[in-house]
Amino acid sequence: MAKKFYELNPKERLDQLALPTELTNRFLAQQDTKRQNLIENYLTDFALPEGIIKNLVLDEQLYQVPLVVEEPSVVAAANNGARMFALGGGFRSVGTGRALLTGQILFDQVDVADVQAFVNDHRQEIEAAAQAAKPSLYQRGGGLQDLVLRELPGRRASLDLVVDTDQAMGANAVNTILEAVKALFMPYQEQILGAILSNAGDHSLVSVSGRVPVMAVGGWAMAKRIVALSEFAKVDPKRAVTENKGVFNGLSAAVLALGNDWRAVEAAGHAYASRDGQYRSLTQWRLEDDQEFLVGELTLPLNIGTVGGALASLQTAQDNFAILGQPDADRTKKILLAVGLSSNLAALKAVAGAGIQAGHMKMQARTLAVQVGAKAEEVAALAAVLAQTTINETTAKRLLGEMRQNGSKD
Ligand code: MEV
């Protein structure tokens, strides 16, 4: 019998797709045997540019933070923001965030009092089943911390299992525990719709703040505009979405560089942004100390891991942890928040100031220069000329030709 597509090896899959030879060869050249089993239907590896935030200061320590991203300006903005915070002494973190991830067993059409009685009668079995499902987590000091039944409208209920996941993001551990615990609820199997972790992350809030001398953003008037702009996003969800996207520009790029699940981080962040019923911006900005300092704060639910998950197969992500100095999960989360706050400050300063196009145009000019075939040593010169004119491909090609002609005459 013919193999199913997912049973083929990557080369056979590419052959079946009957792509142009040039494309197939490129895909073959980019394959990596270590990652062929990380996902299904693997074809090839997809490379993205990696840059770095040089010298992010957090709790009086210096960090070099790798960022992986496709959008021009994100790395520049994050560096710019981190530099302005460094001028005020850098970021401060608050408390020690525990790695708590909640899992849910979802009950439909039940008498909640009955389920509660069942939970009370079987608490010990539930705890034992959780431990038996993930003994290695218990050996590391993690495991089930809390068990809460929440009543929901329409005869629904959620049994929330709060699990300490130690240094791992914990998705697999929590799902394994949930399925073992679910099996104990024999009388309710029909009414259990599913058992799955919650990405809400409300048990793992982390906070970071930082002060920026108003002179670093161009003076008191600009600092006031930044505060006003951030307050605008407290009352207008349309603006809040864009501002929060700017926070995740750097934050998600760092999460990705560390081989973690940036969709989970963003989903939790956006849910947190709507915690009072209206979607608002995530960061808080105010003026302090006789209006000499602009103060920014960011609190977010963050579930990330420094071990486990896809990390074992992602050598570059492991190397990026090494660049960061092998922080534990708690420190990593705080670094990530500092990155988010840096991106946010740079974006607010640009939007409230000259506008973001000024910076973007420079990056676009560089991207276009590369696109039309400029060599590494030609990019800066061509980008500088392009930035003075209307940026489009035809102009870029013409200018590159002229530059090369003039160069060959010298
Ligand atoms: C662009 O990627 C992000 C910004 O739009 C964020 C913001 O408007 O605050 C600049």
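The structure reproduced in this document is the subject of the present report. Keep in mind that this is a model prediction, so the values were computed, not measured.

### Side note on the site of the ligand
For step 1, the next point in the chain: In the vicinity of the ligand, the residues found are Glu71, Arg239, Thr242, Glu243, Lys245, Gly246, Asn249, Ala347, Val351 and Ile356.
For step 2, the next point in the chain: Glutamate 71 places a side-chain nitrogen or oxygen 2.7 Å from an oxygen atom of the ligand.
For step 3, the next point in the chain: In the model, an oxygen atom of the ligand is placed 2.9 Å from a nitrogen or oxygen of the asparagine 249 side chain.
For step 4, the next point in the chain: Within the complex, 87% of the 300 Å² of free accessible area of the ligand lies under protein.
For step 5, the next point in the chain: Of all the secondary structure elements, the ones that give two or more residues to the shell around the ligand are α9 (237-257) and α12 (329-352).

### Observations regarding the sheet that holds strand β5 (residues 143-152)
For step 1, the next point in the chain: Spatially, β5-β6-β4-β7 is the arrangement adopted by the four strands of the open sheet, whose pairing is antiparallel. Of all strands in the sheet, those bounded by a partner on one side alone are β5 and β7 (192-197). The mean inter-strand angle of the sheet, taken between neighbouring strand axes irrespective of direction, is 15°.
For step 2, the next point in the chain: Bridge count for strand β4 (residues 100-107) against β7 is five bridges, and the pairing is antiparallel. Directly across from isoleucine 105, in β7, lies its bridge partner alanine 195.

### Side note on the environment of aspartate 59
For step 1, the next point in the chain: For aspartate 59, the position within the fold is in the loop between β1 (50-58) and β2 (61-68).
For step 2, the next point in the chain: Setting aside anything within four residues of it in sequence, one finds aspartate 59 in contact with Phe91, Arg92, Ser93 and Arg331.
For step 3, the next point in the chain: A polar contact of 2.6 Å, which involves the side chain of aspartate 59, links it to the side chain of serine 93.

Scoring rules and cut-offs
- Residues numbered from 1 in each chain as written.
- Predicted model: local features only at pLDDT ≥ 70, side-chain atom pairs only at ≥ 80, totals over all residues.
- Heavy atoms only, no water.
- Near = heavy atom within 4 Å.
- Polar contact = N/O pair within 3.5 Å; in protein donor to acceptor, adjacent residues only side chain to side chain.
- Areas by Shrake-Rupley, 256 points an atom, 1.4 Å probe, with all protein chains shown as cover.
- Helix = DSSP H or I, 4+ residues; strand = E, 2+ residues; numbered from the N terminus.
- Pairing = 2+ DSSP bridges.
- Axes fitted to C-alpha atoms, helices over the stretch in contact; angles between N-to-C directions.
- Contact = heavy atoms within 4.5 Å.

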